[in-house]
Amino acid sequence: MFLSLLFFISAVFALPSHLPTRSEEGILLAPDIDAFTESILRDWGSPGGLSVAAVYMNASDGSWTVETKGYGNASSDGTPVTPETLFSIGSTQSFSRPNSWDVACQRDAVAAFHLEDQDIVAHAGVGSYGRYRCVSEQHCRSSEPSHWSRPHDFMYAKADTISSIMSRTKYLKPSLEFRDAWQYNNIMYAIASYLPTTLVGVPFARYVKEHIFDPLNLSATYSSIVASESGHLAQGFDRDGIEYTGDFFTTGTPVAIPYWNPDVDEDGAPWSGMGGIIMNGRDIATFLQTMLLGGVSPTSGEQVIPSEAVEFVSNGVTVVPSAGITNVPGTGTVSAYGAGQSSTDYQGHLLIEHDGSVSGFHSVISRFPADNFGVAVFSNDETFGPLIMQIVKYQIMDRFLGLEHTDWNNTYYQLAAAIMASMASKTSLPNASSASVAYEDLAGSYTNEGYGYLDLCFVSDSSACTDILETLPTAIGDQPMLIAKWDKLWTSHLRLQHYDGDVWNVSLLNSLDIVDSAGNSTGQYRFADTSRYNAMTAEFAFDEGGAVSGFGMSGGFWGEVLEMDGDNVEALSEVWFSRSS
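About the criteria used
All chains use their own residue numbering, which begins from 1 and follows the written sequence. Local features in a predicted model are, by the rule used here, given only for residues with pLDDT of at least 70; side-chain atom pairs are given and counted only at 80 or more, and totals for whole chains, interfaces and linings are based on all residues. Note: side-chain values were computed over all heavy atoms of the structure, leaving out hydrogens and water. By the criteria applied, helices consist of DSSP H or I runs no shorter than four residues and strands consist of E runs no shorter than two, each listed in order from the N terminus. Given the number of residues in a helix, its expected span is that number minus one, multiplied by 1.5 Å. Orientation is described by axes fitted as lines to C-alpha atoms, over the contacting stretch for helices, and by angles from 0 to 180 degrees between their N-to-C directions. Between 65 and 115 degrees an angle is taken as roughly perpendicular, under 35 as roughly parallel, over 145 as roughly antiparallel, and anywhere else as oblique. By the definition used in this description, the sense in which the near helix is turned from the far one sets the handedness, with an anticlockwise turn below a right angle giving left-handed and a clockwise turn giving right-handed. The criterion used for residue contact is that any of the two residues' heavy atoms lie within 4.5 Å. Confidence of the predictor in every single residue is expressed as pLDDT, which spans 0 to 100. The definition of a nonpolar core used throughout is a set of buried Ala, Val, Leu, Ile, Met, Phe, Trp, Tyr and Cys residues joined through side-chain atoms within 4.5 Å. Three exposure classes are used, based on accessible area relative to the maximum for each residue type with a 1.4 Å probe and protein chains only: buried under 20%, partly exposed in between, and exposed over 50%. At least two bridges found by DSSP between two strands is the condition for calling them paired.

**A word on helix α7 (residues 187–200)**
Here is step 1 of the chain: Between its first and last C-alpha, α7 extends 21 Å over 14 residues, near the 20 Å set by a 1.5 Å rise per residue.
Here is step 2 of the chain: At the C-terminal side of α7, G201 shows a positive phi close to 85°.

This is the structure in structure tokens:
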């Protein structure tokens, strides 16, 4: 049924599309777009900036219009964003994993593979819960049981390797069987990037550079060292002390934060396959052209990426409901996710895109194959960048496609207000009952074979847990609190605040240095709750003798879930930590 739907969509969108009248100059990023973008950055109080690229191919003669511009600040010293400014693009780089795989298959005669059940259980470790199958690379990458969302994305540490991650995935409790529902997953992309490395013998990052970046003449890199030494790497910005109610645009102090993946050389890092590409506006303009041309370089005419790979990335195998993130008619209520990009209907036009985020950076890359048009927007505003970039993207798309005006600024302001309201401080239940044991008795060491070890400390007063709290200067509240260092890639601490009885609110905190314009630490810290979009809870359990046996966490480690079976905390939890001391 899914394939039939896609064939129907493809047939509909193959029809000629309306192209508006264009001027000779500034046809894509015209002065009114410049003024609009600058006003959005100003209205939202953004300390950062945007890099914008738009491309269009005239079907009659094959000529290209390519425009790239920068807006706002690249760094805290006021250096402006230009088309040469480098941004980390996060998961929008999802095109690189399957593309590099297909390049390896064709260039280096690596046989395409088909995963059987026994291969998954024996080698990947997936399936130890005995409930699901994965029959092909594409199925695994487009509809794997959730180990993200942002669920089990918190299981891997900064010191992990791909091999160590793979060895522990079998201990992650799955929420669904394969292909039961679409669930995004970063771990699968890390593992997919390991395949060319293993079979061809070249690090993934170097392979992509040699066979994709260099033939396209891109300055893109996986190396944060190379990017930093170029002098063009943007800084990520955040707001310290933002208020989640009232006029949130004017609250909080803008601060620059460290690059999320430092000291990476050209061999790349375990996270390169997830979201390690660093590129600028000129790079993404060239890549948009290449994708619209089916993998052909717009300058050399060389088939750099196999056309089959371009189709493979975007041809959906899993239906994603509610793809339209606004209530604006025509933005799509369903999309089809492939091996790294999604396809949907945007007001009668086929739209293929993906967005991405890492700490301090956000991006969205969109293309309309039937309209020969593409646009990309990069942001270095951690707080509001995901919304700002969408506002600007939609404004450019609507103008080019000649669509009726939509007030995207107001649409996303309302969305921001709703998000902020949902992120208000997590508080105890009024008249909450006490825990079954003294709070101090809940402190101690706990383990989960997938997540590892953590040591909970009870914050009895301001003199307690000082070694843990030294980088969390404002994390102590009025509620009873347990805290642990948790040196994961996306989080540094786990905080439990008492809610009621044996139930605690969970916050996954990420503490980072505040840095100057040169990237040097100021000796101050800011922290953010990376789980702020989820109502996560933890519940402690006890053995027959009344001793603490562990605690289970739920409410955000999975995406869509199976109906929970069981009559105890461990069985009903998404992640269970056993008491070890």
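**Looking at the packing of helix α13 (residues 385–401) against helix α14 (residues 408–422)**
Here is step 1 of the chain: The geometry of α13 relative to α14 is characterised by a closest axis approach of 9 Å and an angle of 155° between their N-to-C directions. The pairing of α13 with α14 is recorded here as roughly antiparallel in orientation. Relative to α14, the crossing made by α13 is right-handed. Seen from α13, the contacting residues are L387, Q390, I391, Y394, Q395 and D398; seen from α14, they are W408, N409, Y412, L415 and A416.

**A look at the confidence of the model for the protein**
Here is step 1 of the chain: For the protein, the mean per-residue pLDDT works out to 82, and 80% of the residues sit at or above 70.
Here is step 2 of the chain: Confidence drops under a pLDDT of 50 for residues 109–113, and excluding neighbours within four residues, the segment shows 12 contacts in the predicted structure.
Here is step 3 of the chain: A low-confidence stretch, residues 117–121 stays under pLDDT 50, and its non-local contacts, those more than four residues away or across chains, total 10 contacts.

**A word on the nonpolar core**
Here is step 1 of the chain: Formed by 74 residues in total, the largest nonpolar core has its most connected members in L456 and F540.
Here is step 2 of the chain: If we skip the residues at most four places from it in the chain, L456 touches L442, A443, G444, Y446, L482, I483, A484, L494, L496, F540 and F551.

**Some words on the sheet that holds strand β7 (residues 318–321)**
Here is step 1 of the chain: On the basis of which strands lie adjacent, the open sheet formed by 8 strands has the order β2-β1-β12-β11-β10-β9-β8-β7 and antiparallel pairing. Two strands close off the open sheet at either side, each with one partner strand: β2 (64–72) and β7. Strand-to-strand twist in this sheet, taken as the mean axis angle between neighbours without regard to direction, amounts to 20°.

**Focus: unusual backbone geometry**
Leaving glycine out, the prevailing phi sign among residues is negative, and the prevailing peptide bond configuration is trans.
Here is step 1 of the chain: At N217, a position not held by glycine, the phi torsion is positive, near 60°.
Here is step 2 of the chain: With respect to the element layout, N217 can be found in the loop between α8 (204–213) and α9 (224–229).
Here is step 3 of the chain: Look at N217 and you get exposed, because its relative accessible area is 67%.
Here is step 4 of the chain: Even without glycine at this site, Q347 takes up a positive phi of about 50°.

**Considering the pairing of strand β9 (residues 342–346)**
Here is step 1 of the chain: Here β9 lies mainly inside the structure; 4 of its 5 residues are buried.
Here is step 2 of the chain: As paired strands, strand β8 (residues 334–337) and β9 are joined by 3 bridges and run antiparallel to one another. When the sheet's bridge partners are listed, Y337 is paired in β9 with S342.
Here is step 3 of the chain: Hairpin geometry of β8 and β9 is characterised by an intervening segment of 4 residues between the two adjacent antiparallel strands and by a positive phi of about 150° at G340.
Here is step 4 of the chain: Here β9 pairs with strand β10 (residues 349–358) via 5 bridges, running antiparallel. Residue pairing for β10: S343 is matched across the bridge by I352.

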